[in-house]
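# Survey of secondary and tertiary structure
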Amino acid sequence: MPKRNGMADRVPSAGSTEHAIRPLTRRDLEGMFLVAAALFGCVAVAMLAVSLESETVSERSRGLPMAVFFGLAVSAVLCDRLCVKRVREHDRFLSVASLSCSSVLAACAGTVASFAIHCTQPMTIGMLLASCCVAVDMAIMMVHVTDPTVDGVVSAVLVASLCIMLASAGTLIFALPVRLLAGLILGVSVCCLQMLPNIVVHVPDRYLVEWRTYMTRRWTVRGGIPERARTLTRADIHDDMQTFQARYSAGFVVCLTLLLTSYAAVAGYCPYDGPYDRIGFLTLSAALFLFLVLKPRQSGRPFERCMMRLGAVVVLSVCCAGMPHALPLIRHDVLSLVFVLSIGVFGLIMAFCMLAQQNGFHSLALSRMGDVLCFASMMLVPVAAFFASGALEFIRGL
């Protein structure tokens, strides 16, 4: 008798079909809704900014920004409600995603509301209203959220929005240029990005209040060890570490976003008509690029390394766009060739240093050189931003 093929008679089970094609769940649909809502807010801001600047816009369409504002505000409230619901269900990923989408929609709503206000500084009033909306949203969420991770994100975003709100209000009150505000935010963002672990991590008050419980030595200035004393365990610091990590991650994203946007604003509003403006812009671009290239060496998280290297690419692109204005005496084709060759040589040097590192003195020397260059570029960014933002000309004009 011919042998029968057992594989041909095997019928696929329900379990294998379930693993092959997984049906969409409510959680997946909520994630898609959050991404779509954030994209809708950004696209709405961009389209309104372009349409309202055109000369053919009618007076009837002047009320469109307020309608879009109310729509974005309602979407932000829905995201907040979803965040609170997911916090109660102990779904931290979707709760943090809902909170992030809510902050993005609140910022977009504030920016859209600024389109209905006629003023001489639309960029500053947009930043003021956007930071106000985000601060109000985070203040409301701080009351309704008890999860340590979400609470850390809320506190980090709230502090950043309040700082931007105060800086924007001061710029409007004293009628300062937008370049000064962008340069100030750029310098502060770089310093906060460098000192972020020292900013977000602190000793909680309950450890100081309950010092009798967490004494670890046989004798201290307060006296002998109590009978109920014990050492600090992982369970004691779990919630605090969750809060610190969430604050660090949220602070890193906020600082890097503000750094790139403020640098783009400085490059866009720089007139390039004086030597201080040109030298300041070129020095700022080189220092910021060097900082974002070398800073990932000190980070052990892949997300941070990828974000900083992507930021270095953004800085390089903005620098390429502003290079012909900063160096008008050099022809555009020659400038492009020199710029590409310089970047290529710098990339080859970085690759050679990475491949040549070995255990021993050479690795230690290269590592210390990288740390020194990273710290020097970080210290150089505020000084270069001072000249590129026109602060020197503003002080001279007082």
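All of these numbers come straight from a predicted model, not from anything done at the bench.

### Here's the deal with the overall build of the chain
Counting its secondary structure elements, the chain contains 16 helices and 2 strands. Counting over 398 residues, the chain shows a buried share of 39%. Considering only contacts in the chain between residues 6 or more positions apart, those separated by 24 or more positions represent 72%. Per element, the accessible surface of the chain, about 23900 Å² overall, is 68% carbon and sulfur.

### Thoughts on the confidence of the model for the chain
Scored by pLDDT, the chain has a mean of 83; 83% of the residues are at 70 or more. Within the model, the stretch residues 6-12 combines pLDDT values under 50 with 1 contact to residues more than four positions away or in other chains.

### Things to note about the packing of aromatic side chains
Each aromatic ring pair is specified by the distance between its two centres and by the angle formed by the two planes. Counting across every chain of the model gives 6 aromatic pairs. Ring centres of Phe386 and Phe387 lie 5.4 Å apart, and the angle between their planes is 90°; on these two criteria the pair is classed as edge-to-face.

### Digging into the packing of helix H5 (residues 92-114) against helix H6 (residues 122-144)
Their axes nearest at 7 Å, the elements H5 and H6 cross at an angle of 145°. Handedness of the crossing formed by H5 with H6: right-handed. In contact with Leu99, Ser102, Ser103, Ala106, Ala107, Gly110, Thr111, Ala113 and Ser114 of H5, H6 contributes Ile125, Gly126, Leu129, Ala130, Cys133, Val134, Asp137, Met138 and Met141. Of the residues in the contact of H5 with H6, the class split is 11 nonpolar, 6 polar and 1 charged.

### Re the layout of surface pockets
A volume near 510 Å³ is recorded for the second largest pocket. Along its surface, the second largest pocket is lined by 20 residues, and Ala156, Val159, Ala160, Cys163 and Cys192 are the ones closest to its centre. Looking at the lining of the second largest pocket, the elements with two or more residues in it are helix H7 (148-173), helix H8 (178-194), helix H9 (196-200) and helix H11 (234-269). If you tally residues by element for the lining of the second largest pocket, the top one is H7, at 7 residues. Along the lines of polarity and charge, the residues of the lining of the second largest pocket split into 16 nonpolar, 3 polar and 1 charged.

### Considerations on unusual backbone geometry
Positive phi, close to 60°, is recorded for His90, a residue that is not glycine. Along the polypeptide, His90 turns up in the loop between helix H4 (64-88) and H5.

### A look at a nonpolar patch on the surface
On the surface, a nonpolar cluster with roughly 380 Å² of combined accessible area is contributed by Leu329, Ile330, Val334 and Val338. Turning to its location among the elements, Val338 is positioned in helix H14 (residues 332-356).

### Examining the environment of Leu186
Within the secondary structure, Leu186 is located in helix H8. Residues Leu186 and Leu258, spaced 72 residues apart in sequence, show a C-alpha to C-alpha distance of 7.0 Å. Excluding residues that lie within four positions of it along the chain, Leu186 makes contacts with Leu259, Ser262, Tyr263, Leu284, Leu288, Val381 and Ala385.

### What to know about helix H3 (residues 26-53)
Each full turn of the α-helix corresponds to 3.6 residues, which orients residues three or four apart in the same direction. The terminal C-alpha atoms of H3 lie 41 Å apart, and with 28 residues this matches the ideal 40 Å at 1.5 Å per residue to within 8%. The inward-facing, buried residues of H3 contact H4 and H5.

### Concerning the nonpolar core
Within the largest apolar cluster, 44 residues are counted, with the highest numbers of intra-cluster contacts made by Leu186, Val190, Leu259, Tyr263, Leu284, Leu288 and Leu292. Mapped onto this core, the elements with two or more residues apiece are H8, H9, H11, helix H12 (275-294), helix H13 (302-326), H14 and helix H15 (361-388). Top element by residues in this core is H12. It accounts for 10 residues. In contact with Tyr263, other than residues within four places in its own chain, are Leu186, Phe281, Leu284, Ser285, Leu288, Val315, Val318 and Cys319. Among the nonpolar cores identified, the runner-up in size contains 19 residues, and Leu34, Phe69, Ala76 and Cys101 belong to it.

### Overview of the side chain of Ser262
Along the polypeptide, Ser262 turns up in helix H11. Engagement of the side chain of Ser262 in a polar contact is seen with the backbone oxygen of Leu258, the distance being 2.6 Å. When neighbours within four sequence positions are excluded, Ser262 is seen to be in contact with Ala182, Ile185 and Leu186.

### Overview of the state of the cysteines
Counted by the stated rule, this structure contains 0 disulfides. In this structure Cys163 is not part of a disulfide, and its nearest cysteine sulfur, from Cys192, lies 7.5 Å away.

### A word on H8
Compared with the 24 Å implied by 1.5 Å per residue over 17 residues, the 25 Å span of H8 between its first and last C-alpha is a close match. Counting buried positions over the 17 residues of H8 gives 12, a clear majority of the element. For H8, the full list of buried residues reads Val178, Arg179, Leu180, Leu181, Ala182, Gly183, Ile185, Leu186, Gly187, Ser189, Val190 and Leu193.

### Quick word on the pattern of salt bridges
Applying the stated criterion across every chain, the model contains 10 salt bridges. Measuring nitrogen to oxygen at the nearest pair gives 3.8 Å for the salt bridge that ties Asp91 to Arg86. A salt bridge links Arg92 to Asp147; its shortest N-O distance comes to 3.3 Å. Placement of Arg92 in helix H5 and of Asp147 in the loop between H6 and H7 is noted, with a sequence separation of 55 residues between them. The exposure class assigned to Arg92 is partly exposed, which follows from its relative accessible area of 31%. What emerges from the salt-bridge pattern is a single network uniting Arg26, Arg27, Glu30, Arg86, Glu89 and Asp91.

Rules and cut-offs
- Residues numbered from 1 in each chain as written.
- Predicted model: local features only at pLDDT ≥ 70, side-chain atom pairs only at ≥ 80, totals over all residues.
- Heavy atoms only, no water.
- Helix = DSSP H or I, 4+ residues; strand = E, 2+ residues; numbered from the N terminus.
- Buried < 20%, exposed > 50% of the residue type's maximum accessible area, 1.4 Å probe, protein only.
- Contact = heavy atoms within 4.5 Å.
- Areas by Shrake-Rupley, 256 points an atom, 1.4 Å probe, with all protein chains shown as cover.
- pLDDT = per-residue confidence, 0-100.
- Phe/Tyr/Trp six-rings, centres within 6.5 Å; stacked < 30°, edge-to-face > 60°.
- Axes fitted to C-alpha atoms, helices over the stretch in contact; angles between N-to-C directions.
- Left-handed = near helix turned anticlockwise from the far one by under 90°.
- Nonpolar A, V, L, I, M, F, W, Y, C, P; charged D, E, K, R; others polar.
- 1 Å grid on protein atoms, 1.4 Å probe; cavity = no way out; pocket = protein on both sides within 12 Å on 5 of 7 lines; lining within 4 Å.
- Points joined across faces, edges and corners; volume = space filled by probe spheres on them.
- Patch = residues over 30% accessible without salt bridge, like charges linked within 9 Å, V, L, I, M, F, W, Y side chains within 5 Å.
- Salt bridge = Lys/Arg side-chain N within 4 Å of Asp/Glu carboxyl O.
- Expected span 1.5 Å × (residues − 1).
- Core = buried A, V, L, I, M, F, W, Y, C linked by side-chain atoms within 4.5 Å.
- Polar contact = N/O pair within 3.5 Å; in protein donor to acceptor, adjacent residues only side chain to side chain.
- Disulfide = S-S within 2.5 Å.

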